[in-house]
Structures are given as C-alpha cells and as structure tokens.
Amino acid sequence: MILIDGKKAAAELRAELKEEVAELKSKHNKVPGLTVILIGDLAPSQIYVRNKEKSANEVGLKSEVIKYPDSVEEKTVLEKIQELNSDKTVSGILVQLPLPKHIDKQKVIEAIDPSKDVDGFHPMNVGNLSSGYESSIPCTPLGCYLLIKKIEPNLSGKKAVVVGRSNLNGKPMTQLLLKENCTVTITHSKTKDLKAECLEADIIVAAVGIPELVRGDWVKKDAIVIDVGINKTDNGIVGDVHFDEVSKNAKALTPVPGGVGPMTIACLLKNTIDCFKRSQI
Ligand code: NAD
C-alpha cells in the first residue's frame, strides 16, 4: 500500500511556489500578498492563522493578519473587506471561519472580490468551478485532488465516491473529479447504503466528520482512499477512514494527521499566487 505523504507533497509544492514567487518578483517587481482576517480568539483558528502566516512568509508572499475581537461589528468587517478589495498590494483575502454568531457568514463571503477570494467560497467561484471555468478552488479539495493526481495521473473513466456534500469539501471535490472525467457519486447522511456505494469506487474521498466511518470491507482492492476527516477522540486525532482496516485493501491511503491537512495551507498559497497572476494579465 502506498502511504500518501501529505507533508512531503506539501513541502514540494511550497518549494515550487517559492521559486514561482521569486520569478514573479523579478518580472513584476512585487510579490503576491495574502491578507487574513481573524475574528475572536478560538484556539484552532489562531493556530490555523499562525500556520498560514508562517507558510506564506516561507514562500516569500507578503502576508498580513488583521485581528478583531469577538465583539466586532459586522459593518466594520465588511468595510475592511471593501478596503482590501481595492488595495492593489492585496492579491488574496481570507476571512477565517467560523465567525461569531452575530456576523452573517454569507454576507462576508460575498463581500470579498471574487478575484481575491483565495478560499473559493464566493458564489461566483463556485459557479465558475462547476461550469469548468477558471476560478479559485477551495483549498482542501484542491489538496486532495493534487494528492490523487500524484498517484493516478489519468483519472478518466474512474469511479469516484465522495462521502459528504459540504460546500467546503464534498461539493467542490465532486466538481474537480468530474472535470477529470471520473464518474462521480456524491453521498451524504441520507444515502441508503453507503458501504455498497463505496465498494464500487476506484477513488473514495471521505469528508464527513465521523471517526473511522469508512471500514476495511467498504473498500475495493486497489482503491485510492483520501481521508479529509479530522476528529478528536479519546485515542487522539483520527480521520473518517478506519486506517488499519482500509490500509489492508487500498492501493493508496492518506494518514491522519499528515495526509490532506498539510496540503490545505500549501493550496492557499497556490491560490494567492494564482490570483496575483490573473490580476497581472
Ligand atoms: P460538514 O459537517 O460541513 O459536512 C459533513 C457532510 O457529511 C455532510 O454533507 C453530511 O451530509 C455528510 N454526512 C454526515 N453523516 C454522514 C453519514 N453517516 N454518511 C455519509 N455522509 C454523512 O463537514 P466538513 O466541513 O466537510 O468537514 C468534514 C471533515 O473534514 C471534518 O472532520 C473536518 O474537521 C474535516 N476537515 C479537514 C480539513 C483538512 O484540512 N484536512 C479541512 C476542512 C475540514
């Protein structure tokens, strides 16, 4: 079985991006800039944002974090986004989720200029992705896609099953696999026989949030299995896939941690650079 090493793949991607940033700098005399808005003091969000900033600096991006207290008014955040939309030194804007309850997430997402939407959550980017046009692609599914392509460059005609239909993961993942000419089944909490669906799959992407949901006897021999889940349990962090059981059947499998997670931030940097490049045309 191939253990898909997300840390290594992310380090390779960051190295490529670092070279690209250096080339862009010599060509345009400026570097792409990423601005992150962080509201409140939720510990996981603080950690994510710190890691994003560190990785952005590592590849040579200009990076800035704007922090607001939990009590910040929605209007203040929306005004800041407008200011960043018109700031030419800012290539990408990310508002760290989740937001405090009094702030409307959809309003915030839609306030970001789609050409600077490095999370790929703006309805314009969602539409572009599903229409097959160029767009920012949500970072986690993009990371999954790049990992799958490393194992199997030609996905045409493969049967893929995506478990979970969130806007963040399942739906964009489905679009990426469709674009590669996979036959895709998207499954969710109301799917009647998830095991039977998974048993059909050459590729399984699990993004559910249920510890070890996908079992060994759900997986066809030689399937590629990508585990997006990050679940805290009494035994530590586990994914949505039962690693020990599935590793006996699968051709390739991502571990948790060390699989999809590290690719997510690397893809955020890629999206920032891609937004910059599109803005220079
Ligand atoms: P979500 O809660 O928004 O969506 C979960 C999806 O799973 C829903 O579409 C739901 O219909 C489906 N589902 C629920 N129960 C099911 C069942 N029994 N069978 C089949 N489908 C079922 O979750 P999300 O935001 O997509 O996150 C999923 C997981 O991925 C979580 O563990 C989250 O922590 C993790 N995650 C990881 C990364 C990363 O960088 N690795 C990034 C984002 C999310």
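Residues numbered from 1 in each chain as written. Predicted model: local features only at pLDDT ≥ 70, side-chain atom pairs only at ≥ 80, totals over all residues. Heavy atoms only, no water.

Caption draft 1: Inspection of the sheet that holds strand 6 (residues 183-187) at higher detail. Spatially, 1-11-8-7-5-6 is the arrangement adopted by the six strands of the open sheet, whose pairing is parallel. A strand with exactly one partner marks an edge of an open sheet, and here the two such strands are strand 1 (2-3) and strand 6. By the bridge criterion, two bridges tie strand 8 (residues 224-227) to strand 11 (residues 252-253) in an arrangement that is parallel. Residue pairing across strands places Ile-224 opposite Ala-252, the latter belonging to strand 11. (Pairing = 2+ DSSP bridges. Helix = DSSP H or I, 4+ residues; strand = E, 2+ residues; numbered from the N terminus.)

Caption draft 2: The pairing of strand 5 (residues 159-163), seen in detail. The buried fraction of strand 5 is high, at four of five residues. With five bridges connecting them, strand 5 and strand 6 associate as parallel partners. Its bridge partner being in strand 6, Ala-160 is matched across the sheet by Val-184. (Buried < 20%, exposed > 50% of the residue type's maximum accessible area, 1.4 Å probe, protein only.)

Caption draft 3: Structural context of the nonpolar core. Counting 48 residues, the largest nonpolar core has Ile-148, Met-173, Leu-177, Ile-203, Val-205 and Ile-226 as the members making the most contacts within it. No other element matches the nine residues that helix 10 (residues 260-279) contributes to this core. Viewed by domain, this core spans two of them, domain 1 (29-113) and domain 2 (139-261), each represented by three or more residues. Membership of the second largest hydrophobic core comes to 17 residues, among which are Val-72, Val-77, Leu-78 and Ile-112. (Core = buried A, V, L, I, M, F, W, Y, C linked by side-chain atoms within 4.5 Å. Domains from an automatic or database assignment.)

Caption draft 4: Inspection of the domain arrangement of the protein chain at higher detail. Along its sequence, the protein chain is carved into domain 1 (29-113) and domain 2 (139-261). Distance from the C-alpha centre of domain 1 to the C-alpha centre of domain 2: 29 Å.

Caption draft 5: Structural detail: the sheet that holds strand 2 (residues 33-39). Pairing is parallel across the open sheet formed by three strands, whose spatial order is 3-2-4. Edge positions in the sheet fall to strand 3 (62-68) and strand 4 (92-95), since each of these pairs with one other strand and no more. On average, each strand axis in the sheet is tilted by 15° relative to the strand beside it, whichever way the strands run. As judged from the seven bridges shared by strand 2 and strand 3, these two strands associate in the parallel manner. Note on strand 3: the bridge partner recorded for Thr-35 is Glu-64. (Axes fitted to C-alpha atoms, helices over the stretch in contact; angles between N-to-C directions.)

Caption draft 6: Local environment of unusual backbone geometry. The omega torsion of the bond from Leu-97 to Pro-98 falls at 0°, within 30 degrees of zero and hence cis. The phi dihedral of Glu-212 is positive, around 55°, even though this residue is not glycine. Relative to the assigned elements, Glu-212 resides in the loop between strand 7 (203-206) and strand 8. Despite not being glycine, Asp-222 has its phi angle at roughly 75°, a positive value.

Caption draft 7: The arrangement of the packing of helix 6 (residues 139-151) against helix 10 in detail. Packing of helix 6 against helix 10 brings their axes to within 7 Å, and their N-to-C directions diverge by 110°. By the angle between their axes, helix 6 is roughly perpendicular relative to helix 10. Residues Cys-139, Thr-140, Leu-142, Gly-143, Cys-144, Leu-146 and Leu-147 of helix 6 touch helix 10, and the partners they reach there are Val-260, Met-263, Thr-264, Cys-267, Leu-268, Lys-270 and Asn-271. Here the contact of helix 6 with helix 10 is built from residues that sort into nine nonpolar, four polar and one charged. (Parallel < 35°, antiparallel > 145°, perpendicular 65-115°, else oblique. Contact = heavy atoms within 4.5 Å. Nonpolar A, V, L, I, M, F, W, Y, C, P; charged D, E, K, R; others polar.)

Caption draft 8: Geometry of the site of the ligand. The ligand sits among 21 residues. The nearest are Arg-165, Ser-166, Asn-169, Val-228 and Thr-264. Between an oxygen atom of the ligand and a main-chain N or O atom of Ser-189, the distance comes to 3.2 Å. The contact in question runs from a nitrogen atom of the ligand to an N or O atom on the backbone of Val-228, over 3.4 Å. Counting residues per element, the shell around the ligand draws most heavily on helix 10, which supplies three residues. Within the shell around the ligand, the residues separate by chemical class into nine nonpolar, 11 polar and one charged. (Near = heavy atom within 4 Å. Polar contact = N/O pair within 3.5 Å; in protein donor to acceptor, adjacent residues only side chain to side chain.)

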